[in-house]
Structure formats: C-alpha cells, structure tokens
Amino acid sequence: MSESVERHRREAPEGVRVAVLTISDTRTPETDTGGDVAQEILERAGHEVVARHIVKDEPSSIRTALVDLLARKEVDAVITTGGTGISGRDTTYEVAERLIHKRLDGFGEIFRTLSYQEVGSAAILSRAIAGTVGSKFVACLPGSRNAVRLAAEKLLAPELSHVVFELRKHEKGR
C-alpha cells in the first residue's frame, strides 16, 4: 500500500455516520436481512448507522429518500440495498446515476470481480454503483444478504472512512 493511502487512512475519521436505505417492494423491517447485514458489518467496523429506511422500488420514492438522507447534516454516506438488478422493477441504478456527481467506477468493477468468485458469471447481472453527491458518499448494492456482506466487508468497511476523509478535505478547501 502506498505511503499516501496509509497516511490518509490514519488521518480519516474513525467512524462514519451512515444511512442504510433498503429498496424493495416486499421487505419489511422484520424481513430486511440485507439492511441488517449492512448495519451489523458497518457498526462492527466502527461506523454509526444514524438512519435506516425501506422504500418501494419506485424511482420517485427512491429519489426522494436519497435526496432527503443526503441533505441530513448527520449523514456522511448512504448505502442502499436492492434494486440494482435488471428486472423491470429494478430502478436504483438509474436514480443513483442521475444524482451522482463523481462516479467511483472501481467500486462496481471490484464488486463484480469479487462477486464473480462467489457466483460465477451471474455477477454480470449486478449494477452496483458508487459515487459522490456533493460531500457525501453513496453506494448502491444488490439486496441479497451475501452481496451486501461481500460489499460491506471487502469494500465499505475498510474504505468508507478514507472516502469520507477525502470528501471532507476537498469540501474544506473550497
């Protein structure tokens, strides 16, 4: 690892304030296993889940929820679960893509590479995406527990503080 990355990770906040947004036509607070996994892994990594919501897979509902969460001062990042597949009802990708200012293409690329190791060629069906909206971070994950676990353990838990550090650093420089 480069000296610069190591230094930035040392200077990054220990914990990030995260909102978890589940996008599903069928999940309830009792059956939101993807949201449960995201919260568990992020909290174990030292992050704080400050909000957790479920919305229907309707573009206007997703957009409203994302915009509202991103506007909250106490939210540094929003992690969504669900709606990133290719069925007619999956619209998370389209909504997020329109909101994101700077895409972090590596997130989706690495997620699909890691996913390929677990599910084979079915990994191409994922449209996981991440990026920045102003000084906030957004990552959109598939809804399955295994996919959420993979992304949260391998990508979000180790890098979320560094991402927020970079966003705050550039925000202060304006």
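A brief report on the enclosed structure follows. (Residues numbered from 1 in each chain as written. Predicted model: local features only at pLDDT ≥ 70, side-chain atom pairs only at ≥ 80, totals over all residues. Heavy atoms only, no water.)

**Here we look at the overall build of the protein**
In terms of regular secondary structure, the protein is built from six helices and six strands. Listed by position from the N terminus, the elements making up the protein come as α-β-α-β-α-β-α-β-α-β-β-α. Put simply, of all contacts in the protein between residues at least 6 apart along the chain, 77% involve residues at least 24 apart. On the protein, roughly 9,000 Å² of surface is accessible, and the fraction owed to carbon and sulfur atoms is 51%. (Helix = DSSP H or I, 4+ residues; strand = E, 2+ residues; numbered from the N terminus. Contact = heavy atoms within 4.5 Å. Areas by Shrake-Rupley, 256 points an atom, 1.4 Å probe, with all protein chains shown as cover.)

**Some points on the pairing of strand β1 (residues 17-23)**
For β1, the buried fraction is high: six of the seven residues fall into the buried class. Sheet topology note: the β1/strand β2 (residues 48-55) ladder contains seven bridges and is parallel. Within β2, the position partnered with Leu21 by the bridge is His53. Chirality of the crossover, the property in question, places the unit of β1, helix α2 (residues 33-44) and β2 among those that are right-handed. (Buried < 20%, exposed > 50% of the residue type's maximum accessible area, 1.4 Å probe, protein only. Pairing = 2+ DSSP bridges. Right-handed = clockwise from strand over helix to strand, strands pointing away.)

**Observations concerning the sheet that holds strand β5 (residues 129-133)**
On the basis of which strands lie adjacent, the open sheet formed by six strands has the order β2-β1-β3-β6-β5-β4 and mixed pairing. Single-partner strands in this sheet number two, and they are β2 and β4 (102-103). Sitting on the sheet, helix α4 (residues 92-99) touches β1, β3 (77-81), β4, β5 and β6 (136-141), and the angle it makes with β5 is about 30 degrees. Set on the sheet, helix α5 (residues 105-119) makes contact with β4, β5 and β6; between it and β6 the angle comes to about 30 degrees. (Axes fitted to C-alpha atoms, helices over the stretch in contact; angles between N-to-C directions.)

**Examining the nonpolar core**
In this structure, Ile79, Phe107, Phe137 and Leu156 are the most contacted members of the largest nonpolar core, which totals 29 residues. Contributions of two or more residues to this core are made by β1, α2, β3, α5, β6 and α6 (145-172). Not counting the four nearest positions on each side in its chain, Leu156 is found in contact with Leu42, Ile79, Phe107, Phe137, Ala139, Leu141 and Ala151. Core analysis: the second largest hydrophobic core is formed by 21 residues, Ala65, Leu69, Val75 and Cys140 among them. (Core = buried A, V, L, I, M, F, W, Y, C linked by side-chain atoms within 4.5 Å.)

**Here we look at the packing of helix α3 (residues 59-71) against α4**
Between α3 and α4, whose axes approach to 9 Å, the crossing angle comes to 45 degrees. Relative to α4, the element α3 is oriented oblique. In terms of crossing hand, the pair formed by α3 and α4 is right-handed. Within the contact between the two elements, α3 uses Pro59, Ile62, Arg63, Leu66 and Val67 and α4 uses Thr92, Val95 and Leu99. Residue composition of the contact of α3 with α4, by class: six nonpolar, one polar and one charged. (Parallel < 35°, antiparallel > 145°, perpendicular 65-115°, else oblique. Left-handed = near helix turned anticlockwise from the far one by under 90°. Nonpolar A, V, L, I, M, F, W, Y, C, P; charged D, E, K, R; others polar.)

**Some details on α5**
Counted at 1.5 Å a residue, the expected span for α5 with its 15 residues is 21 Å, and the 21 Å between its end C-alpha atoms agrees. Listing the buried residues of α5 in full gives Phe107, Gly108, Phe111, Leu114 and Ser115. Down the axis of α5, the buried set is contained in an arc of 135 degrees. They therefore lie on one face. Exposed residues lying more than 90 degrees from the buried face of α5 are Tyr116 and Gln117. Backbone geometry just downstream of α5 places Gly120 in the positive-phi region, at approximately 70 degrees. (Expected span 1.5 Å × (residues − 1). Arc of directions from axis to C-beta.)

**Some details on the pattern of salt bridges**
In total, this model carries 13 salt bridges according to the counting rule given. Overlapping salt bridges, with partners in common, bring together Arg17, Asp76 and Arg168 in one network. (Salt bridge = Lys/Arg side-chain N within 4 Å of Asp/Glu carboxyl O.)

**Looking at α2**
Residue pairs spaced three or four apart in an α-helix point in one direction, given the helix's 3.6 residues per turn. Helix length check: α2, at 12 residues, gives a terminal C-alpha distance of 16 Å against a target of 16 Å (1.5 Å per residue), a fit within 8%. Looking one or two residues beyond α2, the residue adopting positive phi is Gly46, at roughly 100 degrees.

**Observations concerning the environment of Ala77**
Along the chain, the position of Ala77 falls in strand β3. Separated by 59 residues in the primary sequence, Ala77 and Val18 place their C-alpha atoms 4.9 Å from one another. The residues contacting Ala77, other than those within four sequence positions of it, are Val16, Arg17, Val18, Ala19, Phe137 and Leu160.

Purely spatial values, then, with no claim about function.
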